[in-house]
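Each chain, written out:
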Amino acid sequence: MMEVNINPLARPCLVSSYREQKRKALFHRWFEQQWTVGAEVTIGGRPAGQMSRLYAIVEYEDGTVGAVDYPCITFAPADFNDYSWGWCE
């Protein structure tokens, strides 16, 4: 029988999207993608500047890794009493 060790830094979560069913995954980190855009030439169009999008890097049960939009992540319930809150008291 194979033994599986779960890294405590990777949080269990469910990934959902409009294209597929919810999938179990491990959350590893956040990733922000940024890019530069030019001004739109239409009246009332957006000015030139920088845009960004937040993604979560997750690892699925089959070992594949994906970047998913942040609203698609639902973290597994955690008991906040298990965390140390001594620093803020």
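Just above, that's the structure.
What you see is a predicted model; the values in this text were computed from it and never measured.

*Asks:* Mind showing me how you'd approach the sheet that holds strand S3 (residues 49-60) here?
*Replies:* One open sheet holds the five strands; their spatial order is S4-S3-S2-S1-S5, and the pairing between them is antiparallel. With partners counted over all chains shown, the strands left at the sheet margins are strand S4 (65-69) and strand S5 (73-75), one partner each. Within the sheet, the average angular offset between the axes of one strand and its neighbour, ignoring direction, is 45 degrees. Pairing geometry for strand S2 (residues 23-37) and S3, over twelve bridges, is antiparallel. The partner of phenylalanine 31 across the bridge, within S3, is tyrosine 55.

*Asks:* How should the pattern of salt bridges be read in this particular structure?
*Replies:* Two side chains that carry opposite charge are able to pair once their charged atoms sit near each other. Enumeration over the complete set of coordinates arrives at three salt bridges. The shortest N-O distance in the salt bridge between arginine 23 and aspartate 62 comes to 3.9 Å. Of this pair, arginine 23 sits in strand S2 while aspartate 62 sits in the loop between S3 and S4, placing them 39 residues apart in sequence. Assessed through its relative accessible area of 29%, arginine 23 is described here as partly exposed.

*Asks:* In this structure, what is going on with the environment of threonine 64? I would like to understand it.
*Replies:* Checked against the element boundaries, threonine 64 lands in the loop between S3 and S4. Linking threonine 64 and alanine 25, residues 39 residues apart in sequence, is a C-alpha distance of 9.6 Å. Not counting residues up to four positions away in its chain, the partners in contact with threonine 64 are Arg23, Val58 and Glu59. In this structure the side chain of threonine 64 is engaged in a polar contact, spanning 2.7 Å, whose partner is the side chain of aspartate 62.

*Asks:* Hey, could you run me through the environment of glutamate 40 in this one?
*Replies:* When you line up the elements, glutamate 40 lands in the loop between S2 and S3. Its relative accessible area of 38% is what places glutamate 40 among the partly exposed residues. Excluding residues within four positions of it along the chain, glutamate 40 makes contact with Gly45 and Arg46.

*Asks:* Would you take a moment to explain the packing of aromatic side chains for this structure?
*Replies:* The geometry of an aromatic ring pair is captured by two quantities: the separation of the ring centres and the angle between the planes. All chains considered together, the criterion is met by three aromatic pairs. One aromatic cluster in this structure is built from Phe27, Trp30 and Phe75. Positioned above the aromatic ring of phenylalanine 75, the side-chain terminus of arginine 11 is 3.9 Å from the ring centre. The ring centre of tyrosine 60 lies 3.7 Å from the NZ or CZ of arginine 23, which sits over that ring.

The rules behind each value
- Residues numbered from 1 in each chain as written.
- Predicted model: local features only at pLDDT ≥ 70, side-chain atom pairs only at ≥ 80, totals over all residues.
- Heavy atoms only, no water.
- Pairing = 2+ DSSP bridges.
- Helix = DSSP H or I, 4+ residues; strand = E, 2+ residues; numbered from the N terminus.
- Axes fitted to C-alpha atoms, helices over the stretch in contact; angles between N-to-C directions.
- Salt bridge = Lys/Arg side-chain N within 4 Å of Asp/Glu carboxyl O.
- Buried < 20%, exposed > 50% of the residue type's maximum accessible area, 1.4 Å probe, protein only.
- Contact = heavy atoms within 4.5 Å.
- Polar contact = N/O pair within 3.5 Å; in protein donor to acceptor, adjacent residues only side chain to side chain.
- Phe/Tyr/Trp six-rings, centres within 6.5 Å; stacked < 30°, edge-to-face > 60°.
- Lys NZ or Arg CZ within 6 Å of the ring centre and 35° of its normal.

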